[in-house]
Amino acid sequence: MSRPALEVADIFRDHGPAWRSANAGHVSLDQLKVMSAIERCRTVSLGGHVARCEKCAHTVIAYNSCRNRHCPKCQGAAANQWLAEREAELLPVSYFHVVFTVPAPIADIAYQNKAVIYDLLFKAATETTLTIAADPKHLGARIGITAVLHTWGSAMTHHPHLHMIVPGGGLSLDGKKWLACRPGFFLPVRVLSRLFRRLFLNKLAAAHAAGRLAFFGDHAALANAAAFAALLTPLRKAEWVVYAKKPFGGPQAVLAYLARYTHRVAIANSRLISADQTGVTFKWKDYRIEGPSRYKTMTLPTHEFIRRFLIHVLPKGLHRIRHYGLFANGKNRAANIARARQLLAVSQRSAHDLDPAAKSDQPRALPTPCPCCGGRMIIIETFARGCQPKHAPEASRIDTS
């Protein structure tokens, strides 16, 4: 895979020191760690390995990835491994994509209380979906949910929302039948929206009463219980955005979607166009417009671009991909999936069966083939951080993609 002409890492290396100096005291340790990881990703400072084609002996150096979950270069490999595990769990049914979004005043509060509000978003949205699905008036089944948190809009503004991927059906409450959704229809979004609004606001009010929220600057007055209650009052009557997209074409389409969404970061390197004295120019999508004109370019001052990227650094320990219901992590997950597959009359599979690389007797190889002949690139040497390899190919063959 060729290296993009411009990367977030390039911007951080060129402008990061000045940005850190100008914002000293206003940058979190987590944000500083993310900047450092991205700057060092796939450079000699992290060490690496040498790979040689087993057919034509073409040799390359591949430096190690930082593996930071916010790094644009590292998420492809992480997504592939995660998807291999999910493929074994796919069911031969329609899958639906449901999105839960919070109003702008809630997003403003979340900006200063990321860990608390993002967790409430997960809890309220999943409780809503599981509750409505279990209601006999709708589906009357126990369903599985994979939920993915995104905190950005296309222009890297702060826009927290939750993507859910759910199979179109679930186990009956007694576990004896598979209950399928109506063709092309999952659950009524208006019912989901109303319950989501009530649950979220109740949980938010409880978090405020328990002293779990902090307010600064223009929002400092919201620490007062009466002021906070006044903020929530109009939100109890406003329409909250919950929408369900058209069902996927099949299980493989679900995988393709997950590959794009689960390990996405605030901006991909492929969207970057240029970085110069005027700022950073990148591609973005205006979702308020339909048609080709929604695809636009934007130029931000470099320091503002860095600021927007870093506001999406998640608090340490906060999981952005979570599983609920039938897919909840734990001892019952495998049994639930096996039961669903049994009721749907499909064979059992495992990630080990689907991944040829899982065989222990296979030599370590790069995930990409030889650029010269397409052969396997076998790893012949590893070297530590800051060290140089013994098998050094020509400089033009060093792989930093």
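Right, let's walk through the structure included here. (Residues numbered from 1 in each chain as written. Predicted model: local features only at pLDDT ≥ 70, side-chain atom pairs only at ≥ 80, totals over all residues. Heavy atoms only, no water.)

Some thoughts on unusual backbone geometry
Of note, R67 is a non-glycine position whose phi angle comes to about 65 degrees, a positive value. Residue placement: R67 occurs in the loop between β2 (59-63) and α3 (75-87). By relative accessible area, R67 is classed as exposed at 75%. Even without being glycine, M156 reaches a positive phi, approximately 70 degrees. Take M156: it is sitting in the loop between β5 (144-152) and β6 (158-167). The exposure class of M156 is buried, given its relative accessible area of 0%. (Helix = DSSP H or I, 4+ residues; strand = E, 2+ residues; numbered from the N terminus. Buried < 20%, exposed > 50% of the residue type's maximum accessible area, 1.4 Å probe, protein only.)

Description of the side chain of H158
Along the polypeptide, H158 turns up in strand β6. You can call H158 buried: its relative accessible area is 18%. Only 3.3 Å separates the side chain of H158 from the backbone oxygen of A107, close enough to count as a polar contact. Within polar-contact distance, the side chain of H158 engages the side chain of Y118 at 2.8 Å. For H158, the contacting residues outside a window of four places in its chain are A107, A110, Y111, Y118, T151, I311 and H312. (Polar contact = N/O pair within 3.5 Å; in protein donor to acceptor, adjacent residues only side chain to side chain. Contact = heavy atoms within 4.5 Å.)

Section: the packing of aromatic side chains
Under the defined criterion, the tally for this structure stands at 9 aromatic pairs. Stacked on the ring of Y111, the Lys or Arg K114 has its end atom at 5.9 Å from the ring centre. Note that R322 overlies the ring of F122, its terminal NZ or CZ placed 4.0 Å from the centroid. (Phe/Tyr/Trp six-rings, centres within 6.5 Å; stacked < 30°, edge-to-face > 60°. Lys NZ or Arg CZ within 6 Å of the ring centre and 35° of its normal.)

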